[in-house]
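Residue-level listing of the chains:
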Amino acid sequence: MTMTAFSADSRERLDAIIAAHRDREGPLLPILHDVQAEWGFIPEEAQPVLAEALGMTRAEIHGVVSFYHDFRDKPAGSHVLRLCRAEACQSMGADALADEVRAALGIDFHETTPDGRLTLEPVFCLGLCACAPSAQMGERLLGRADLGKVQRMVAEAGA
Amino acid sequence: MKDFIIPDRDMGTPPVKSDVTVNLTVDGIAVAVPAGTSVMRAAAVAGISVPKLCATDHVSAFGSCRLCVVAIEGMRGAPASCTTPVAEGMVVHTQTEDIARIRKGVMELYISDHPLDCLTCAANGDCELQDMAGAVGLREVRFDPGANHFMQREAGAPNPEYRPKDQSNPYFTFDPAKCIVCSRCVRACEEVQGTFALTIEGRGFDSRVSAGMDSDNFLSSDCVSCGACVQVCPTATLIENKVIDIGTPEHIVKTTCAYCGVGCSFDAHMRGEEVVRMVPSKDGKANRGHSCVKGRFAWGYATHQDRQTRPMIRENITDPWRVVGWDEALDFAASRLRAAQRDHGVDAIGVITSSRCTNEETYLVQKLTRAVFGNNNTDTCARVCHSPTGYGLKTTFGTSAGTHDFDSVDDTDLALIIGANPTDGHPVFASRLRKRLRQGAGLIVLDPREIDLLKTPHMGQGLHLPLRPGTNVAVLTAIAHVIVAEKLYDEDFIRKRCDWDEFAAYSEFLLDPRHSPEEVEKLSRVPADLIRQAARAYAAAPRASIYYGLGVTEHSQGSTTVMAIANLAMMTGNIGVPGTGVNPLRGQNNVQGSCDMGSFPHEYPGYRHVSDPEARAIYERAWGVSLREEPGLRIPNMFDEALAGRFRGLYCQGEDIVQSDPDTKHVTSALSAMDIVIVHDLFLNETSNYAHVFLPGSSFLEKDGTFTNAERRINMVRRAMTPKNGYEDWQITQMLANRMGAGWDYTHPREIMAEIALTTPSFSGVTYDLLDREGSVQWPCNEAAPLGTPVMHIDGFVRGKGRFIHTEYVATEERSGARFPLLLTTGRILSQYNVGAQTRRTDNTVWHPEDVLEIHPSDAENRGIRDGDWVRVASRSGETTLRATITERVAPGVVYTTFHHPATQANVVTTDNSDWATNCPEFKVTAVQVSPSNGPSDWQEEYRSHSELARRILPTAAE
């Protein structure tokens, strides 16, 4: 198959990530985390390279990458806002909140604002059920969320 | 999917080997099975079918569909019978009210996301989902159509979950709308084939089968089209295009694949006289239910429009062909053959037997020359591939054949692969080996090229010794040097089974410093350390096996290499036990058989020399003629004699010597010098361009007979359709023989086999009745071994004591120098077969439309060659042009190509060097120069126009 080849520089960065993990047990997930940290997503061109390095096939790598929602196949906006949609949050009005947030931001789930600053994602449980509904922005968690608090958090992050 | 029409029942989970037997009852029936067996399989043994979707005995249990739940007394809940192992005294109920309710609920969910177009579905009547819906009594689906994967449009809008069919593979279609995500295909690709081309992408409701990554389809993925996924698919999701086109088959003919020497057993699924599909037989002892793209799918050549079905003759090879009746063609052939003998002597004519035809056909062709022509001028295409195997193994062990069956690979701890590329040349064997490699067996590869086996997913690190072409003997001798120097040999075995003094003498020879890894590194370019590692690993493995191919035999020292291999196995005691042994991987379906059947000029069937008065007496009595005691001509001698004007006529069955033999120009001028060349084949080929008579042949689907595979296994070939040319090949040989006064009256190949058994000690127990009963047997099959011999040399070598022959490395004369600085070596690719006469006439060409030259980046750069450029390859024999592929699979200084396409004519370049003992040509080493080129060489253009002229056929009056 023909694939857009990685540039020499990208290949070097990828090789360095592989080298850092290849001798540990179960190296694939740590490598994928580092790849996503480096590129912001898992470039498809990286998958055959990982497969060859780990004695696997590109189908298997694709299977793993696509299994985890947190591994992206394209870059996200510079900030990612997650709204919890699991049962506890739903019972506390998460669906209504989601509608309000989507309307306020003008984007749907899995979409990014036109200026590329913010991506909206659903998440299924942040472990904050006691203070549902909850949200997350980067490392920051938000309990008892409402539209105002979410908008403030977005503004503070500069997104 | 196959259960509905095949009696070959699916037991649900694979068999388990265990010394412990467990007793249990299933629905009140007592059953005893090996410990570790699943409850599902135990039920099947008791004759009870537990409903199932994700389970099949091709792959290990997975436990995902939950349809196979059962009730087990003393166990809580409803365990899945496929993943629950049996226990002593277990009491299983496969049908209870609770279980029935659970199954119905599971089925209802499956059907809620499956189209209900059964009547127009390609799997109608052959669908396990359909069968199971029936088995659980599904009568309604209570769920409203909601989100689903099968409707193209929903409520007027495109359904975002719908994916269109993937029809990129020429032989089968993937229709995601029908998929129930049982993952049988993914597991078959992993466990059975070992390619890992498929995966389940996403999760939950988004789970789908995916070939490769997002941007891949089946064709661009790693898929090698072996068909294992299609075979296990329970629905119409993965299904043969032929079934989509014409419908389900109505009867089955069990037969044997006519491609490589693995000799896979197949069930030809027929509708009338039309093949619907070829499915590998689960009870096939060579392939155990697996197949490759060639046997599974590439049989369309049998009905290809190029197939010639009527005899043709011509006065001169420059004339166009004239279609004639059988009588006229055979009279013409017989009278010209007799005329050649009258004018030039009894020895002026001969035959070449085919490694693709049946044992019975080959036997008749050699009988024709010995009993009717009155000479021993018979040779076979094995001359150009495995004759050194015959010589080398006969000299050392006493039999001209491999020592083990393919099942033995399941027990090996280390496989040493020499000059073979099993994933391409012997794919089903490669899959079996890969399975063992994933279980932890070691791998050493001795090959100039980095073969795909080294890239087996999920195996440990293989050891690759990338030697310079032509240095096999040096490297193997160095490995033996290390084994002796470090005292890694098996003294007990050698003392008991071989001659200790002989070994001592060989040791002394080996210990000479010229055989040390350091010295050999200079010749072979294999680092000394790698040679030592390989020697230690091979000697240390409890059960080490050697498998080798034409990269061993097709050399000026082919026979010496075979003996070096035999020496290694003997000195480490790796003979006579499952998992060990020395096994040649035979190139063609019946190379072993054609050698067994007395195709060589010096040997009668069963490898008895023609000068042996006892053997001769047997045939003189059986055939009622007196026989010559001098060996006849080998193929290269036939050509030399033809050029000298003394050899005037040739009957060539099922072999394209112009394309497959070395030094094409020499071959064509020899053929041009003959008075009568008879080509007996399916197609007009390169050799028929030089022929006077063309006798149309029958394909393996059109005749009865037997093929013998690389493990000495005699497999039945059965007639599935009427020969399009009117006769089976053995009948045609008989008609020609009778026109020359033979008076043969065989009415069926079973009678020919009876004559073979009567006259050949190693076949004396073989009958068609036995083969029908047992499926297959491995020779020797006689009074001592009435059911055949899977593993040879168990208690002692056939020849008595194993012999150590000294293996002095003699460099080939074919050396790279200033004019020809690169070494060309040749090989095979998965989708094509030999000269390509069959595979080029199938859709397999999508994978390999032309031969290409592999060249290392540094050699390419030095010559200004870019990937895909046309390049000229020249040797001292000739030159040709083809496209270059730049790759690090070949070492600097080595280039590699295949010989599947006549337009390439790689053998124009190869030389007339050959093995010292057997004349097997040195295909694997040719010194060449490579330079950029604008397109086909003059020779190729000239050849193409000559081919067109030579293949003109006059229109017949009837048309």
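None of the values given here were measured: they were computed from a predicted structure.

Caption draft 1: The overall build of chain A, seen in detail. Within chain A one finds seven helices and four strands. Overall size of chain A, expressed as C-alpha extent along the three principal axes, is 50 × 35 × 25 Å. The buried share of chain A, reckoned over its 159 residues, is 28%. Contacts in chain A between residues at least 24 apart in sequence constitute 55% of all its contacts with a sequence separation of at least 6.

Caption draft 2: Spatial organisation of the overall build of chain B. Helix and strand counts for chain B stand at 29 helices and 36 strands. For chain B, the C-alpha atoms occupy an extent of roughly 90 × 75 × 65 Å along the three principal directions. Burial analysis of chain B (959 residues in total) assigns 58% to the buried set. When contacts within chain B are restricted to residue pairs at least 6 apart in sequence, those whose partners lie at least 24 apart make up 72%.

Caption draft 3: Spotlight on the domain arrangement of chain A. Structurally, chain A comprises domain 1 (9-67) and domain 2 (79-156). The straight-line distance from the C-alpha centre of domain 1 of chain A to that of domain 2 of chain A is 30 Å.

Caption draft 4: Expanded view of the confidence of the model for chain A. Chain-level pLDDT for chain A is 91 on average; 96% of the residues reach the 70-or-more range. For chain A, the element scoring lowest by mean pLDDT is helix α7 (residues 147-156) of chain A, at 91; helix α4 (residues 58-67) of chain A scores highest, at 96.

Caption draft 5: Looking closely at the pairing of strand β18 (residues 414-418) of chain B. Residues and elements named next belong to chain B. Among the five residues in β18, five count as buried, and that is most of the element. On β18, burial covers both faces: Leu-414, Leu-416 and Ile-418 on one face and Ala-415 and Ile-417 on the other are all buried. In terms of strand pairing, β18 meets strand β19 (residues 442-446) through five bridges, oriented parallel. Along β19, the bridge assignment pairs Leu-414 with Gly-442. Bridging between β18 and strand β21 (residues 544-548) involves five bridges; their strand directions are parallel. In the sheet register, Leu-416 faces β21, and the bridge partner there is Ile-546.

Caption draft 6: Looking closely at the domain arrangement of chain B. Split into domains, chain B comes out as domain 1 (21-143), domain 2 (331-380 + 593-778), domain 3 (387-584) and domain 4 (822-949). On a C-alpha basis, the centres of domain 1 of chain B and domain 4 of chain B stand 54 Å from each other.

Caption draft 7: Looking closely at the sheet that holds strand β3 (residues 71-72) of chain B. All names here are of chain B. The sheet built from four strands is open, its strands ordered β2-β1-β4-β3 with mixed pairing. Both edges of this open sheet fall to β2 (29-34) and β3, since each of them pairs with a single strand only. The pairing of strand β1 (residues 21-26) with strand β4 (residues 90-93) spans three bridges and is classified as parallel. When the bridges of β4 are listed, Thr-25 appears paired with Val-91.

Caption draft 8: Summary view of helix α22 (residues 635-643) of chain B. Residue and element names in this part refer to chain B. Those residues of α22 not exposed but buried are Ile-635, Pro-636, Met-638, Phe-639, Glu-641 and Ala-642. Tucked into the core, α22 has its buried residues touching β16 (349-353), β17 (378-380), β25 (649-653) and α24 (664-672). Note on α22: the residue one or two positions beyond its end, Gly-645, has a positive phi of about 85°.

Caption draft 9: Just the interface of chain A and chain B, in detail. Facing 14 residues of chain A, the contacting portion of chain B comprises 21 residues. The element best represented in the side of chain A that touches chain B is α4(A), accounting for seven residues. Looking at side-chain class alone, the side of chain A that touches chain B contains four nonpolar, six polar and four charged residues.

Caption draft 10: Structural context of the packing of helix α13 (residues 472-485) of chain B against helix α19 (residues 558-571) of chain B. Residues and elements named next belong to chain B. At their nearest, the axes of α13 and α19 sit 9 Å apart, and the two run at 15° to each other. Judged by the angle between their axes, α13 and α19 are roughly parallel. In this structure, α13 crosses over α19, and the sense of that crossing is left-handed. For the pair α13 and α19, contact is made by Asn-472, Val-473, Leu-476, Thr-477, Ile-479, Ala-480 and Ile-483 and by Thr-560, Thr-561, Ala-564, Ile-565, Asn-567, Leu-568 and Met-571, respectively. The class makeup of the residues in the contact of α13 with α19 is nine nonpolar, five polar and no charged.

Caption draft 11: The arrangement of the nonpolar core in detail. Residue and element names in this part refer to chain B. Val-475, Ile-479, Ile-531, Tyr-538 and Ile-565 are the most contacted members of the largest nonpolar core, which has 169 residues in total. If we skip the residues at most four places from it in the chain, Ile-565 touches Ile-418, Leu-476, Ile-546, Tyr-548 and Val-582. Of all hydrophobic cores here, the second largest spans 61 residues; its members include Leu-364, Ile-657, Met-674 and Ala-691.

Caption draft 12: A look at the UniProt feature "binding site: [2Fe-2S] cluster" (unreviewed entry) in chain A. All names here are of chain A. Mapped onto the present numbering, the UniProt feature "binding site: [2Fe-2S] cluster" (unreviewed entry) falls on Cys-84, Cys-89, Cys-125 and Cys-129. Judged by maximum C-alpha separation, these annotated positions cover 46 residues in sequence but sit close together in space, the widest gap being only 9.5 Å. Along the chain, Cys-125 turns up in the loop between β2 (118-123) and β3 (135-137). Those residues in contact with Cys-125 that lie beyond four places of it in its chain are Cys-84 and Ala-86. Looking at the element boundaries, Cys-129 is found in the loop between β2 and β3.

Caption draft 13: Representation of unusual backbone geometry within the structure. The omega torsion across Ala132(A) and Pro133(A) is -10°, close enough to zero to call that bond cis. By secondary structure assignment, the location of Pro133(A) is in the loop between β2 and β3. The step from Trp779(B) to Pro780(B) runs through a cis peptide bond, and the omega angle for that step is 0°. Despite not being glycine, Asp27(B) shows a phi value in the positive range, around 50°. For Asp27(B), the position within the fold is in the loop between β1 and β2. You can call Asp27(B) partly exposed: it has 16 C-beta atoms within 10 Å. In this structure, Val181(B) is a non-glycine residue whose phi angle is positive, near 50°. Within the secondary structure layout, Val181(B) lies in the loop between β7 (172-174) and α4 (184-193). Val181(B) gets classed as buried once you count the C-beta atoms within 10 Å, which come to 21.

Caption draft 14: Layout of the sheet that holds strand β32 (residues 852-855) of chain B. All names here are of chain B. Strand order in the closed barrel made by the six strands is β31-β35-β32-β34-β33-β36, with mixed pairing throughout. In this sheet, neighbouring strand axes are inclined to one another by 45° on average, regardless of whether the strands run parallel or antiparallel. Of the pairings in the sheet, the one linking strand β31 (residues 822-827) to strand β35 (residues 894-898) comprises five bridges and is parallel in character. Of the residues in β35, the one forming a bridge with Thr-825 is Tyr-896.

Caption draft 15: Fine view of the packing of helix α6 (residues 94-105) of chain A against α7(A). All names here are of chain A. The contact between α6 and α7 brings their axes to 10 Å, and the two run at 45°. As judged from the angle between their axes, α6 and α7 are oblique. Classified by chirality, the crossing of α7 by α6 is right-handed. Here Leu-97, Glu-100, Val-101 and Ala-104 of α6 lie close against α7, whose contacting residues are Leu-147, Val-150 and Gln-151. The residue makeup of the contact of α6 with α7, split by class, is five nonpolar, one polar and one charged.

Caption draft 16: Local environment of the environment of Arg495(B). As for its placement among the helices and strands, Arg495(B) is situated in helix α14 (residues 491-497). Once the C-alpha coordinates of Arg495(B) and Met792(B) are considered, the two residues, 297 residues apart in sequence, prove to be 19 Å apart.

Caption draft 17: Looking closely at the UniProt feature "domain: 4Fe-4S His(Cys)3-ligated-type" (unreviewed entry) in chain B. Taken from the UniProt record, the annotation "domain: 4Fe-4S His(Cys)3-ligated-type" (unreviewed entry) applies to residues 98-137 of chain B. Regarding residues 98-137 of chain B, the helix share stands at 57% and the strand share at 0%, and the terminal C-alpha atoms are separated by 14 Å.

Caption draft 18: Examining helix α9 (residues 359-373) of chain B more closely. Residue and element names in this part refer to chain B. In this model, α9 (15 residues) spans 20 Å end to end at C-alpha, consistent with the 21 Å of a helix rising 1.5 Å per residue. Of all 15 residues making up α9, 15 are buried, and the element is well covered by its neighbours. With its phi angle positive at about 85°, Gly-374 sits one or two positions after the end of α9.

Caption draft 19: Fine view of the UniProt feature "domain: 4Fe-4S Mo/W bis-MGD-type" (unreviewed entry) in chain B. The positions that UniProt labels "domain: 4Fe-4S Mo/W bis-MGD-type" (unreviewed entry) are, in the present scheme, residues 250-306 of chain B. Between the C-alpha atoms that bound residues 250-306 of chain B the distance is 28 Å, and the span itself is 9% helix and 35% strand.

Conventions and cut-offs
- Sequence order as written defines residue numbering, which begins from 1 separately in each chain.
- Think of it this way: whatever chain is written first is A, whatever ligand is written first is 1, and the rest follow in order.
- Given that this is a predicted model, residues contribute local features only at a pLDDT of at least 70 and side-chain atom pairs are listed and counted only at 80 or more, while totals for whole chains, interfaces and linings are drawn from all residues.
- Secondary structure follows DSSP: runs of H or I at least 4 residues long count as helices, runs of E at least 2 residues long count as strands, and numbering of each begins at the N terminus.
- Whether a residue is buried, exposed or partly exposed is read from the other C-beta atoms within 10 Å of its own C-beta, which are placed from the backbone; 20 or more gives buried, 12 or fewer gives exposed, and intermediate counts give partly exposed.
- Distance between backbone-placed C-beta atoms decides contact: two residues are in contact if it is within 7 Å.
- Boundaries between domains were set according to an automatic or database domain assignment.
- Think of pLDDT as the predictor's per-residue confidence, scored from 0 to 100.
- Note on pairing: two strands pair once DSSP finds at least 2 bridges between them.
- Each residue is assigned to one of three groups, with Ala, Val, Leu, Ile, Met, Phe, Trp, Tyr, Cys and Pro labelled nonpolar, Asp, Glu, Lys and Arg labelled charged, and all others, Gly among them, labelled polar.
- Note on method: axes are straight lines fitted to C-alpha atoms, helices fitted across the in-contact stretch only, with angles between N-to-C directions ranging 0 to 180 degrees.
- Here the word oblique covers every angle except those under 35 degrees (roughly parallel), over 145 (roughly antiparallel) and from 65 to 115 (roughly perpendicular).
- Left-handed describes a crossing whose near helix is turned anticlockwise from the far helix through less than a right angle; right-handed describes the clockwise counterpart.
- Linking buried Ala, Val, Leu, Ile, Met, Phe, Trp, Tyr and Cys residues through C-beta atoms within 7 Å yields a set, and such a set is a nonpolar core.
- UniProt positions are given in the numbering used here, feature names are shortened, and annotations may be inferred rather than shown by experiment.
- Expected span of a helix, by definition, is 1.5 Å for each gap between consecutive residues, and there is one gap fewer than residues.

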